[in-house]
Amino acid sequence: MKVVLFCGGEGMRIRDAHSSVPKPMVTVGNRPILWHVMKYYAHFGHKEFIVCLGYGAEAIKRYFLDYEEAVSNDFVLKGGSDRVMLGTDIDDWTITFVDTGFVSEIGERLRRVKDHIGDDELFFANYADGVTELDLDGYLQRFTESGQVGGFLAVRPPLSYHVAHLDGDVAVSLGPIAEEDMWINAGYFIFRQEIFDYIEPGEDLVAGAFQRLIKQQKLYAHRFDGFWSPMDTFKEQTYLDDLYKQVNAPWVLWRNGHTG
């Protein structure tokens, strides 16, 4: 299945620490977060990517044009210059780079790559800044069986706030947000071709198309209590970077022996 990745945002909350680097290019370990997301899909056999570009498009294109397989793979060097790769990352990936507008909403970005998706009945789509250990095969099967038009990953808010329940000005209860029956949109979308019938020109995906799907009860939410983390802030980037240095970083399924 094809994978559409939304890479056009400016990522203002994280750019304080990373200057003008577009958020998909902010690194976790020795690779950009975008690479980690793509590697995750490739691990499950989905290696046709459609990258929706906007802000920082040149940096993203340049990274893949100048890609160095040896940075994250083992190799043998013979005679000082003859390199024999023992493993590769992207040699069997197909990546389509599409300019979808500097300030376009995500729904519009998806509309602009419709022709590149072709007639595929199902396709994935995702933000380019969040990682997970989700069993993608199981999620796909559940969505297919649901018969819905669109699906998203629903996770607990990864926050340390306490939720207050009030009766007027009196607190009735106060507890961790993680213990509330609260779920948020974590991306990792799956769509049928019919999704394009629900997107109006220029609009956002969640505020537009998803609201129409909800009214018709055609939006599937895949509840997931396992590891998922966004990378919206410098603190979250540091957290993921520290995790990646460990042998069993949760989302690095290709390194953990997980068979996709």
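From a predicted model like this one, the values you see are computed outputs, not experimental measurements.

### Observations regarding the side chain of Arg109
Inspection of the secondary structure puts Arg109 in helix α4 (residues 106–112). Summary of buried charges: Arg109 has no salt-bridge partner, and the nearest side chain of opposite charge, Asp99, is 5.9 Å away. Separated by 2.6 Å, the side chain of Arg109 and the backbone oxygen of Gly101 make a polar contact. Those residues in contact with Arg109, other than ones at most four positions away along the chain, are Phe6, Gly8, Gly9, Cys52, Leu53, Gly54, Thr100, Gly101, Phe102, Val103 and Ser104.

### Observations concerning helix α8 (residues 234–244)
The complete set of buried residues in α8 reads Gln237, Leu240, Asp241, Leu243 and Tyr244. One side of α8 holds all its buried residues, which, seen down the axis, span an arc of 160 degrees.

### Some words on the pattern of salt bridges
Under the counting rule described, the total for this entry stands at 15 salt bridges. A salt bridge links Asp232 to Lys23; the shortest N-O distance between them is 2.9 Å. Of this pair, Asp232 sits in the loop between β16 (228–230) and α8 while Lys23 sits in the loop between α1 (15–18) and β2 (27–28); the two residues are 209 residues apart in sequence, bridging distant segments of the chain. Neither residue differs from the other here; Asp232 and Lys23 are each classed as buried.

### Structural notes on the pairing of strand β8 (residues 122–127)
Counting buried residues along β8, 5 of its 6 residues qualify, which places the element largely inside the surrounding structure. Pairing geometry for strand β1 (residues 2–7) and β8, over 4 bridges, is parallel. Considered in β8, the bridge of Val3 is made with Phe124. Examined bridge by bridge, β8 and strand β14 (residues 189–192) share 4 bridges and lie antiparallel to one another.

### Focus on the environment of Thr100
As for its position among the elements, Thr100 is in the loop between β7 (94–99) and α4. Along the backbone, Thr100 and Arg31 are 69 residues apart, and their C-alpha atoms lie at a distance of 24 Å. Contact partners of Thr100, with chain neighbours within four places excluded, come to Cys52, Leu53, Arg109, Arg112 and Val113.

### What about the nonpolar core?
By size, the foremost hydrophobic cluster in this structure holds 51 residues, and its most contacted members are Leu5, Leu34, Tyr41 and Trp251. The biggest single contributor to this core is helix α2 (residues 33–43), with 8 residues. Contacts of Trp251, omitting those with residues within four sequence positions, involve Val28, His36, Val131, Thr132, Glu133, Phe227, Leu240, Leu243 and Tyr244. Residues Phe6, Val98, Leu110 and Leu219 belong to the second largest nonpolar core, which totals 25 residues.

### Remarks on helix α3 (residues 57–65)
For α3, the set of buried residues is Ala57, Ile60, Tyr63 and Phe64. Taken down its axis, α3 places every buried residue within 135 degrees of arc, on the same side. Residues of α3 that are exposed and point more than 90 degrees away from the buried face comprise Glu58 and Leu65.

### Section: the packing of aromatic side chains
Here the structure, examined in full by the defined rule, presents 23 aromatic pairs. Ring plane angle 80 degrees and centroid distance 5.4 Å describe the contact between Tyr40 and Tyr41, whose orientation is recorded as edge-to-face. Relative accessible area serves as the criterion here: at 0%, Tyr41 is assigned to the buried category. Ring centres of Phe227 and Trp251 lie 6.0 Å apart, and the angle between their planes is 20 degrees; this geometry places the pair in the stacked category.

### Side note on the pairing of strand β4 (residues 48–53)
The buried count for β4 comes to 5 of 6 residues, which makes it a mostly enclosed element. In this sheet, β4 lies alongside β1 in parallel orientation, the contact comprising 6 bridges. Bridge pairing links Val4 to Ile50 in β4.

### A closer look at the environment of Asp82
Among the structural elements, Asp82 can be located in strand β6 (residues 82–85). Spatially, the C-alpha atom of Asp82 lies 52 Å from that of Ala209, the residues being 127 residues apart in sequence.

Calculation rules
Chains are numbered independently. Their residues run from 1 in the order of the written sequence. The predicted nature of this model means local features are confined to residues of pLDDT at least 70 and side-chain atom pairs, given and counted, to a pLDDT of 80 or more, with totals for whole chains, interfaces and linings taken over all residues. To get the side-chain values, all heavy atoms of the structure are used, and hydrogens and water are removed first. The helix count covers DSSP runs of H or I at least four residues long, the strand count covers runs of E at least two residues long, and both are numbered beginning at the N terminus. Type-normalised accessible area, obtained with a 1.4 Å probe on protein chains alone, sets the label of each residue: buried when under 20%, exposed when over 50%, and partly exposed for intermediate values. Charged-residue counts in this description rest on Lys and Arg as positive and Asp and Glu as negative, His and the chain ends being excluded. Put simply, a salt bridge is a Lys or Arg side-chain nitrogen that is within 4 Å of an Asp or Glu carboxyl oxygen. N or O atoms within 3.5 Å of each other form a polar contact, as long as, within protein, one can give a hydrogen and the other can take it, and as long as residues adjacent in sequence are counted only when both atoms are side-chain atoms. In this description, contact between two residues means that some pair of their heavy atoms is separated by no more than 4.5 Å. Along the arc lie the directions from the helix axis toward the C-beta atoms. Note on pairing: DSSP must find at least two bridges between two strands before they are called paired. Buried residues of nine kinds, namely Ala, Val, Leu, Ile, Met, Phe, Trp, Tyr and Cys, make up a nonpolar core once their side-chain atoms join them within 4.5 Å. Stacked, edge-to-face and tilted are the three classes for Phe, Tyr and Trp ring pairs, Trp counted by its six-membered ring, which pair at centre distances within 6.5 Å; planes under 30 degrees apart are stacked, over 60 edge-to-face, the rest tilted.

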